[in-house]
Amino acid sequence: TQNVTALRVHLRFQQLAVLVPLLSLLVLSRLDHSPRAACVLVTLWLGCTSFQAAGAMAVLHAVGGPRAGELFVLGNAGAKLGALLAASRMRWLLHTCGWPSLLLGLAA
């Protein structure tokens, strides 16, 4: 029963890591001229992503066992490649779509 309890805790952290940033991005895309509210929303958005990282590390160790480090390296390399590609297209997306559409796209 201890594994089931740990699995449920991991699931709740993953849900928290997805839902709070999603709601923050949705509200942030509708916000206008409210820097304090935007600051709180961005802090919640970025802060809750750490729950996902913590849950991912636990799942990597549960699934990968002794090869968890190798799985981490592969996942990390894939994430970095995606970030590099996204950064090169950000200026074009901002000029084409604008901030509200971009934030809604991230929330989706």
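Everything quoted here is computed from the prediction, not taken from an experiment.

Q: In this structure, what is going on with the overall build of the protein? I would like to understand it.
A: Summing up its helical and strand segments, the protein has 4 helices and 0 strands in all. Overall, the protein shows an N-to-C arrangement of helices and strands of α-α-α-α. Relative to the compact-globule value of 13 Å for 108 residues, the protein shows a C-alpha radius of gyration of 17 Å, a clear excess of over 25%. Overall, the C-alpha framework of the protein stretches about 50 × 30 × 20 Å when taken along its three principal axes. For the protein, buried positions account for 16% of its 108 residues. Intrachain contacts of the protein at a sequence separation of at least 6 include 59% that bridge at least 24 residues. A total of about 8100 Å² of accessible surface is found on the protein, and carbon and sulfur atoms cover 70% of it.

Q: Is there a simple way to think about the confidence of the model for the protein in this case?
A: Caution applies to low-pLDDT parts of the model: their predicted coordinates are not meant to be read in detail. A residue-level look at the protein finds 94% of positions with pLDDT of 70 or above and a mean pLDDT of 81. Across the protein, helix H2 (residues 35–64) holds the top mean pLDDT of 82, while helix H4 (residues 99–107) sits lowest at 78.

Q: For this particular structure, what's the right way to read a nonpolar patch on the surface?
A: There is a patch of nonpolar side chains on the surface, built from Val 59, Val 63, Leu 71 and Leu 74 and spanning about 380 Å² of accessible area. Put simply, the parts of the chain that give the nonpolar patch at least two residues each are H2 and helix H3 (68–97). Looking at Val 63, the relative accessible area reads 66%, which means it is exposed.

Q: Is there a simple way to explain the packing of H3 against H4 in this structure?
A: For any two helices packed against each other, the geometry comes down to the angle between their axes and how far apart the axes lie. Here H3 crosses H4 at 120°, and the two axes come no closer than 7 Å. Here H4 runs oblique to H3, going by the angle between their axes. Mapping the contact onto sequence places Met 90, Leu 93, Leu 94 and Cys 97 in H3 and Trp 99, Ser 101 and Leu 102 in H4. By residue class, the composition of the contact of H3 with H4 is 6 nonpolar, 1 polar and no charged.

Each value, and the rule that gives it
Every residue gets a number counted from 1 within its own chain, in the order that chain's sequence is written. Reporting in this predicted model follows two pLDDT cut-offs: at least 70 for local features of residues, and 80 or more for side-chain atom pairs to be given and counted; totals over whole chains, interfaces and linings ignore these cut-offs and use all residues. Based on all heavy atoms of the structure, the side-chain values leave hydrogens and waters out of the count. The helix and strand labels rest on DSSP assignments: H or I over at least four residues marks a helix, E over at least two residues marks a strand, and numbering proceeds from the N terminus. With C-alpha atoms as the basis for the radius of gyration, the globule rule is written as 2.2 Å multiplied by the number of residues raised to the power 0.38. Accessible area is worked out with a 1.4 Å probe on protein chains only. A residue is then buried under 20% of its type maximum, exposed over 50%, and partly exposed in between. Whether two residues are in contact is decided by their heavy atoms, any of which lying within 4.5 Å being enough. Here the accessible surface of atoms and residues is derived via Shrake-Rupley with a 1.4 Å probe, and residues count as covered only by protein chains that are part of the display. Confidence of the predictor at the level of single residues is given by pLDDT, which spans 0 to 100. Nonpolar side chains (Val, Leu, Ile, Met, Phe, Trp, Tyr) are joined into patches within 5 Å and like charges within 9 Å, using only residues with over 30% relative accessible area and no salt bridge. Think of a salt bridge as a Lys or Arg side-chain nitrogen and an Asp or Glu carboxyl oxygen that are within 4 Å of each other. Geometry is summarised by axes, namely lines fitted to C-alpha atoms with helices restricted to the contacting stretch, and by angles between N-to-C directions that run from 0 to 180 degrees. Any angle that is under 35 degrees is reported as roughly parallel, and any over 145 degrees as roughly antiparallel; angles of 65 to 115 degrees are reported as roughly perpendicular and all others as oblique. Residues are grouped as follows: nonpolar covers Ala, Val, Leu, Ile, Met, Phe, Trp, Tyr, Cys and Pro; charged covers Asp, Glu, Lys and Arg; every other residue, Gly included, is treated as polar.

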